[in-house]
Amino acid sequence: MATAQARAQVITQHRFGGPEVLEVEEGPRPAPGPGEILLRVHASAVDPADRLARSGTAPLFGNPPFTLGHDVSGEIEEVGAGVTRFRPGDEVFGRIDGGGHATHVTAPAGHFAAKPAGLDHVHAAAAATAVLTAWRALVDLAHVGPGSRVLVRAAAGGAGHVAVQLAAAEGAYVVGVARAGDHGFLRDLGAGEAVDDRTGDLAEAVHGVDAALDPVGGDLAPGVLDTLRPDGILLATVPADLGLAPEEVEARGLRFALVPDAPSGGLLERTGPLLAGRRVRVHVSATLPLSEAAAAHERAEEGSRGGIVLVPHP
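This write-up is about the structure you can find in this document. (Residues numbered from 1 in each chain as written. Predicted model: local features only at pLDDT ≥ 70, side-chain atom pairs only at ≥ 80, totals over all residues. Heavy atoms only, no water.)

A word on the overall build of the protein chain. Within the protein chain, the regular secondary structure consists of 9 helices and 15 strands. Against the 2.2 N^0.38 benchmark of 20 Å for 314 residues, the protein chain shows a C-alpha radius of gyration of 20 Å, consistent with a compact globule. Seen along its three principal axes, the alpha-carbon backbone of the protein chain occupies a region of about 75 × 40 × 35 Å. Looking at the 314 residues of the protein chain, the share that counts as buried comes to 54%. Across the protein chain, the fraction of contacts at a sequence separation of at least 24, relative to all contacts at a separation of at least 6, is 62%. (Helix = DSSP H or I, 4+ residues; strand = E, 2+ residues; numbered from the N terminus. Rg over C-alpha atoms; globule rule 2.2 N^0.38 Å. Buried < 20%, exposed > 50% of the residue type's maximum accessible area, 1.4 Å probe, protein only. Contact = heavy atoms within 4.5 Å.)

Here it is as structure tokens:
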């Protein structure tokens, strides 16, 4: 008697649009190729790149159909040829190139790191891109440290609230820009100052900034430049809508960097002790079943404190 083929559930979309385009489908469980692992997904975060890809604002995966999901945490079920770092049963987390909004996904083993001790899958999934973004921006590019003044826009969001903590851990003075209701949250995370994101002229409230992290872009991005000191650096994470041209930044004697978003299990391994030691705490505002992916995207578009995570196996 033939053995039934193992199946997997995925969140698929067949057109660009709002959260309503997301739907649950079922198909064959994928098999890992050389250098890949098969991950049984325990948690998958909804991040800004997923929303941009879903809407078509930044067509990261080309035209639909495709499955979103960059940030995952789970248990390895199978390893492909040549994989020696991991074995079945290992618990790992990472940023991948999509496909994580599913019960199972395959991806290169190099995209993953061992899940930090004491961190559950929900918080590990919410940590992946946020930690990579914050580290690359503030440590690798801006080299912040004691005496640095750092501004973080959307400071209560997924990447923002991690950046606030990392900058503070490096000894910097942090100014968080967020809605007024999140100011207490930011101060608890280590921000020395909090500014309302509805402030018309940000430079009236903040100045002399060495590094500004902007994960939003758009119309308000040019105002961030006025907060920077000469030779300060603007760190942008949204290539789809920077809100200004890099040449405009450099013409004013300032520096500009687009923060890389490539997966890196090696960097996650390096930053793992920050998460395991609770020097950086990941906040999750909502956890929803995989089948409610559309509702999760709706909540994310309204603006959330920290991350929003889908759980395939409640």
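Attention now goes to the sheet that holds strand S9 (residues 173-178). Across the sheet, which stays open at both edges, the 6 strands sit in the order S10-S9-S8-S11-S12-S13 with parallel pairing between neighbours. Since the sheet does not close on itself, it has two edges, and those belong to strand S10 (193-196) and strand S13 (255-258), each with one partner. Taken pair by pair, the neighbouring strands of this sheet meet at an average axis angle of 20 degrees, ignoring direction. Across the face of the sheet, helix H2 (residues 121-141) comes into contact with strand S8 (149-153), strand S11 (209-214), strand S12 (228-236) and S13 while running at roughly 150 degrees to S12. (Pairing = 2+ DSSP bridges. Axes fitted to C-alpha atoms, helices over the stretch in contact; angles between N-to-C directions.)

Our focus in this paragraph is unusual backbone geometry. In this model, Pro-64 is joined to Pro-65 through a cis peptide bond whose omega is 10 degrees. Relative to the assigned elements, Pro-65 resides in the loop between helix H1 (48-55) and strand S4 (71-79). Although it is not a glycine, His-143 sits at a positive phi angle of roughly 55 degrees. By the secondary structure assignment, His-143 is in the loop between H2 and S8.

The subject of this paragraph is the pattern of salt bridges. Once the charged atoms of two side chains with opposite charge are near each other, the side chains can pair. One pass over the full model with this rule turns up 14 salt bridges. Measuring nitrogen to oxygen at the nearest pair gives 3.9 Å for the salt bridge that ties Glu-77 to Arg-40. One end of the pair, Glu-77, is in strand S4; the other, Arg-40, is in strand S3 (residues 36-46), with 37 residues separating them in the sequence. A salt bridge links Asp-182 to Arg-305, with the nearest nitrogen and oxygen atoms 2.7 Å apart. Here the residue Asp-182 occupies a position in the loop between S9 and helix H4 (183-189), and Arg-305 occupies one in the loop between helix H9 (293-302) and strand S15 (307-311), the gap between them amounting to 123 residues. Overall, the relative accessible area of 5% leaves Asp-182 in the buried class. A single network of salt bridges, built from pairs that share partners, joins Arg-29, Arg-40 and Glu-77. (Salt bridge = Lys/Arg side-chain N within 4 Å of Asp/Glu carboxyl O.)

Further remarks concern H2. Residues spaced three or four apart along an α-helix point in a common direction, a consequence of the helix completing one turn every 3.6 residues. Between its terminal C-alpha atoms H2 stretches 29 Å, which fits the 30 Å expected from 21 residues at 1.5 Å a residue. The largest bend along H2 reaches roughly 40 degrees and is located at Ala-127. With a side-chain oxygen positioned 3.3 Å from the backbone nitrogen of Val-122, the residue opening H2 is Asp-120. Looking one or two residues beyond H2, the residue adopting positive phi is His-143, at roughly 55 degrees. (Expected span 1.5 Å × (residues − 1). Bend = angle between axes of the 7 residues up to and from the residue. Polar contact = N/O pair within 3.5 Å; in protein donor to acceptor, adjacent residues only side chain to side chain.)

Right, let's get into the packing of aromatic side chains. As enumerated under the stated definition, the model contains 2 aromatic pairs in all. On the basis of an interplanar angle of 50 degrees and a centroid distance of 6.2 Å, the ring pair of Phe-16 and Phe-66 is categorised as tilted. One end of the pair, Phe-16, is in the loop between strand S1 (7-12) and strand S2 (23-28); the other, Phe-66, is in the loop between H1 and S4, and 50 residues separate them in sequence. In this structure an aromatic cluster arises from ring pairing among Phe-16, Phe-61 and Phe-66. (Phe/Tyr/Trp six-rings, centres within 6.5 Å; stacked < 30°, edge-to-face > 60°.)

That's the geometry; what it means functionally is another story.
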